[in-house]
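Descriptive analysis of the structure
Letter by letter, the chains look like this.
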Amino acid sequence: LTLAGVTGVRAAEADRERAGDAPGAVYALTNAPAGDAVVAFDRAADGSLQARGTYSTGGRGSGAGLGSQGAVIVSDDHRLLFAVNAGDNSISSFRIEPDGLMLVDRQPSGGVLPTSLTYRHGLLFVLNAGAPNSVNGFRVSAKGAMRAIPGSSRPLSTAQTAPGQVGFSSDGDTLIVTEKGTNVVDTYEVDDDGRLEGPFIHPSAGPTPFGFATGRRGVVLVSEAGAGGGASTYRADEERLTPVSSMLMTGQRAACWAVITNNGRFGYVSNAGTGNISGFTLASDGTAALLNADGVSATTGGNPSDMVLSNDGGLLYVRIAARNEIALLTVGPDGALASRGAAAVIPAGAAGLTGF
């Protein structure tokens with residue numbers, strides 16, 4: 001009887017998690033030049049957000065839009081948070097604790113104007129968007145202390161490319177960087193010691209590659225902010241980036257940020273120029289198709305930008321910069337989106353969005 005009871009409780013907990021009922025957190029970056037900070041929200045089982053607090057990064061923001069994806073990120077195990085300080089060329093690390101965030105470390109980014117970060121298994125890379133553009137690597141301890149990796153700094157295709165994002169491939173063997181100004185996507189091989197080989201330069205399948213998300217089996221969904229709006233998919237394999245579905249045009253404007261659900265079946269890009277979100281179905285080989293024939297899966301209004309999915313993929317949060325708010329949408333089993341309105345208010349000038 002006791003075993004049956006325990007089994008029933010575990011099954012109920014699993015059902016709640018699959019239904020989006022597992023609690024979590026959402027974070028945004030103030031990007032304030034007088035003192036940068038992370039704004040934290042507790043996520044309830046129903047998706048609602050409750051303000052937890054504001055935590056200084058110890059650095060300074062730029063006070064202007066960063067034009068990037070990944071300004072603030074959370075580790076996959078939800079124990080660490082990292083943020084850029086674009087105003088003083090530094091990056092900060094926090095431990096995520098039950099009562100909030102604890103600042104652990106702040107280090108120079110190794111370049112000018114850090115705008116994007118990516119982390120995997122103790123390796124952290126930062127994208128510096130100021131001239132000369134670069135990516136720099138750090139080794140991160142279990143408690144969040146950061147140490148620059150000697151010899152890890154690598155250039156992009158040219159000194160100034162208007163880069164959009166840095167991120168790992170799904171297997172962690174490849175680092176990817178989008179270049180908005182040059183219409184190329186760079187890849188780097190990640191050595192065991194954290195050093196990089198590259199860049200290996202790939203022409204973008206569509207205009208103005210901006211943000212991207214990585215899914216299972218090396219699938220990469222890249223948003224394209226150029227005329228017509230849309231996205232392309234690729235397969236990443238070491239230094240190679242092979243187009244799969246190219247230029248899936250949505251007819252929307254300024255497709256700049258991208259996410260993929262954890263099950264790898266659906267991807268979304270936010271269209272800052274038309275106030276809506278476009279969805280895509282994703283096959284296991286990376287083949288993609290529009291979720292909705294008109295390219296509009298949900299309307300948010302304003303200028304939707306950074307997005308983050310709850311850990312189970314059932315909830316989608318979107319930063320609406322023009323309204324200084326975080327919007328909430330639900331994700332159906334078929335990928336359909338339903339708007340739940342505003343979930344939280346954030347400071348004017350905020351950048352980035354992350355959580356679980």
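Examining the overall build of the protein
Summing up its helical and strand segments, the protein has 1 helix and 30 strands in all. Scaling as 2.2 N^0.38, a compact globule of 356 residues should have a C-alpha radius of gyration of about 21 Å, and the protein matches this with 19 Å. Dimensions of the protein, computed from C-alpha atoms along their principal axes, come out at roughly 60 × 45 × 40 Å. Relative to its 356 residues, the protein shows a buried fraction of 54%. Here the protein displays about 13,700 Å² of accessible surface, and carbon together with sulfur accounts for 51% of that area. The positive charge centre, built from 25 side chains, and the negative charge centre, built from 32, are 3 Å apart in the protein.

Section: the environment of Gln 69
Secondary-structure assignment places Gln 69 in the loop between strand E3 (49-56) and strand E4 (72-74). Sequence separation between Gln 69 and Ile 149 is 80 residues, and the spatial gap between their C-alpha atoms is 23 Å. Ignoring anything within four residues of it in the chain, the contact list for Gln 69 reads Ser 116, Gly 164, Gln 165, Phe 210, Gly 211, Phe 212, Cys 256, Trp 257, Ala 258 and Asp 306.

Regarding the side chain of Thr 354
The residue Thr 354 is located in strand E30 (residues 351-355) in this model. One polar contact links the side chain of Thr 354 to the main-chain amide nitrogen of Val 74, over a distance of 3.4 Å. Discounting residues that sit within four places of it in the chain, Thr 354 has contacts with Ala 25, Val 26, Tyr 27, Val 72, Ile 73, Val 74, Leu 81 and Val 308.

Examining the sheet that holds strand E6 (residues 90-97)
Reading across from one edge, E4-E5-E6-E7 is the order of the 4 strands in this open sheet, with antiparallel pairing throughout. Because the sheet does not close on itself, it has two edges, and the strands there are E4 and strand E7 (100-108). Here the average twist between neighbouring strands, direction ignored, is 20 degrees. Relative to E7, E6 is paired through 8 bridges, and the arrangement is antiparallel. Looking at the pairing, Arg 95 lines up with Met 102 of E7.

Regarding unusual backbone geometry
Residue Pro 132 follows Ala 131 across a cis peptide bond; omega there is -5 degrees. Looking at the secondary structure, you find Pro 132 in the loop between strand E9 (123-128) and strand E10 (134-140). Along the chain, Gly 198 connects to Pro 199 via a cis peptide bond; the corresponding omega equals 15 degrees.

Things to note about the pattern of salt bridges
With the rule as written, the count across this model stands at 8 salt bridges. With a closest N to O distance of 3.1 Å, Arg 106 and Asp 88 form a salt bridge. Pair noted here: Arg 106 is in strand E7 and Asp 88 is in the loop between strand E5 (80-85) and E6, with a separation of 18 residues, a long-range link. The salt bridge involving Arg 195 is made with Asp 193; its shortest N-O contact spans 3.7 Å. By relative accessible area, Arg 195 is classed as partly exposed at 38%. Taking the relative accessible area as the measure of exposure, Asp 193 reaches 39% and is therefore partly exposed. Salt bridges here are not isolated pairs; linked through shared partners, they connect Asp 237, Glu 239 and Arg 240.

Rules used in this analysis
- Residues numbered from 1 in each chain as written.
- Predicted model: local features only at pLDDT ≥ 70, side-chain atom pairs only at ≥ 80, totals over all residues.
- Heavy atoms only, no water.
- Helix = DSSP H or I, 4+ residues; strand = E, 2+ residues; numbered from the N terminus.
- Rg over C-alpha atoms; globule rule 2.2 N^0.38 Å.
- Buried < 20%, exposed > 50% of the residue type's maximum accessible area, 1.4 Å probe, protein only.
- Areas by Shrake-Rupley, 256 points an atom, 1.4 Å probe, with all protein chains shown as cover.
- Lys, Arg positive; Asp, Glu negative; His and termini not counted.
- Charge placed at Lys NZ, Arg CZ, Asp CG, Glu CD.
- Contact = heavy atoms within 4.5 Å.
- Polar contact = N/O pair within 3.5 Å; in protein donor to acceptor, adjacent residues only side chain to side chain.
- Pairing = 2+ DSSP bridges.
- Axes fitted to C-alpha atoms, helices over the stretch in contact; angles between N-to-C directions.
- Salt bridge = Lys/Arg side-chain N within 4 Å of Asp/Glu carboxyl O.

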